[in-house]
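# Fold and contact review
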Amino acid sequence: MEIYPAVDIKDGKCVNLLRGDFNESTVFDESPVDAALRWAAAGAGWIHVVDLDGARAGHPLNLTILAEIASATGCQIQAGGGLRRIDDVRSVFAAGAARAVLGTAAIEDFSFVEAAASRFPNGIAVGLDTREGRVATRAWTATTDVAAVEVAEKAAAAGVSAIIHTDIERDGMMGGPGIQEAVDIAAVVDVPVIVSGGVSTIDDVCDAARAGIDGVIIGRALYTGDIDLREALKTVREILL
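Parameters at a glance
Residues numbered from 1 in each chain as written. Predicted model: local features only at pLDDT ≥ 70, side-chain atom pairs only at ≥ 80, totals over all residues. Heavy atoms only, no water. Helix = DSSP H or I, 4+ residues; strand = E, 2+ residues; numbered from the N terminus. Rg over C-alpha atoms; globule rule 2.2 N^0.38 Å. Buried < 20%, exposed > 50% of the residue type's maximum accessible area, 1.4 Å probe, protein only. Contact = heavy atoms within 4.5 Å. Areas by Shrake-Rupley, 256 points an atom, 1.4 Å probe, with all protein chains shown as cover. Lys, Arg positive; Asp, Glu negative; His and termini not counted. Charge placed at Lys NZ, Arg CZ, Asp CG, Glu CD. Core = buried A, V, L, I, M, F, W, Y, C linked by side-chain atoms within 4.5 Å. Axes fitted to C-alpha atoms, helices over the stretch in contact; angles between N-to-C directions. Parallel < 35°, antiparallel > 145°, perpendicular 65-115°, else oblique. Left-handed = near helix turned anticlockwise from the far one by under 90°. Nonpolar A, V, L, I, M, F, W, Y, C, P; charged D, E, K, R; others polar.

## Some remarks on the overall build of the chain
Helix and strand counts for the chain stand at eleven helices and twelve strands. Rg of the C-alpha trace for the chain: 16 Å, near the compact-globule value of 18 Å for 241 residues, within the 12% margin. Judged by the C-alpha coordinates and their principal axes, the chain covers about 40 × 35 × 35 Å. Every one of the 241 residues in the chain was classed for burial, and the buried ones make up 58%. Counting contacts in the chain only where the partners sit at least 6 residues apart, residues at least 24 apart contribute 65% of the total. Summed over its atoms, the accessible surface of the chain is roughly 9,800 Å², and 45% of this surface lies on carbon and sulfur atoms. Of the side-chain charges in the chain, 20 are positive and 35 negative, and the distance between the mean point of each set is 3 Å.

## Comments concerning the nonpolar core
Here is a general trend for soluble globular proteins: nonpolar side chains tend to be buried in one another's company. If you look at the biggest cluster of nonpolar residues, it comprises 69 residues, and the most contacted ones within it are Ile 3, Val 7, Ile 69, Ile 77, Ile 163, Ile 218 and Ile 227. Those residues in contact with Ile 163 that sit more than four places away from it in its chain are Val 126, Leu 128, Ala 152, Ala 155, Ile 185, Val 191, Pro 192, Val 193 and Ile 194. Of all hydrophobic cores here, the second largest spans nine residues; its members include Ala 6, Trp 46, Ala 162 and Ile 217.

## Some details on the packing of helix H9 (residues 202-210) against helix H11 (residues 229-240)
Interaxial distance between H9 and H11 falls to 10 Å at its minimum, and their mutual angle equals 30°. The angle between H9 and H11 falls in the class roughly parallel. Both H9 and H11 take part in a crossing whose hand is right-handed. Side by side, H9 and H11 meet where Ile 202, Val 205, Cys 206, Ala 209 and Arg 210 of the first sit next to Glu 231, Ala 232, Thr 235, Val 236, Ile 239 and Leu 240 of the second. Considering only residue class, the contact of H9 with H11 consists of eight nonpolar, one polar and two charged.

Read these as geometric descriptors, not functional statements.
Okay, structure coming up:
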């Protein structure tokens, strides 16, 4: 199982939102690059970078910071936020990302997901951000009637390389992730499933590993010190031996 430290960028800073609310943000580091370097030094193989400004604007706005993170850390970068055109996807790969995460587009223009997965084999993930099992879009400001499991099945069939599931009500709340929802998605797809939102203790990480989840994204708990990344990586390796 892979652990993805999260670096969420808003107004040029590394932040964390509560339940995706842009008005409820905490600045954890003035420099997203410095934050990413800490996680790289602690042993991270991947870093999950979210351009929150881009997510709200509908196109990437922090490509320079993304490129600096990729160059400085040497980690594989999973990047999302406002990727709604092929040129947007191409731009994050040009900045050094190894995987691009499509969110809103998976609901509003699925043909774009199909085209991106075809054009960038093994490079596209679909992010399913949900409230009560229904997918939210546009930086979590709109909730649809579409079930996450349905979109996951379509995305996997289209050739995406991973599904990222975030329970918005848990995000930033330090109450544990929605592991069962991720397990339900994993049951109907044959690609890796990554869980995000609410991962707050080593036990949460262990529970995800034991449930067969392929990855966890950790944000606030790393910045507050509730999870030590080195310890979490070591514990997961021991569980999976």
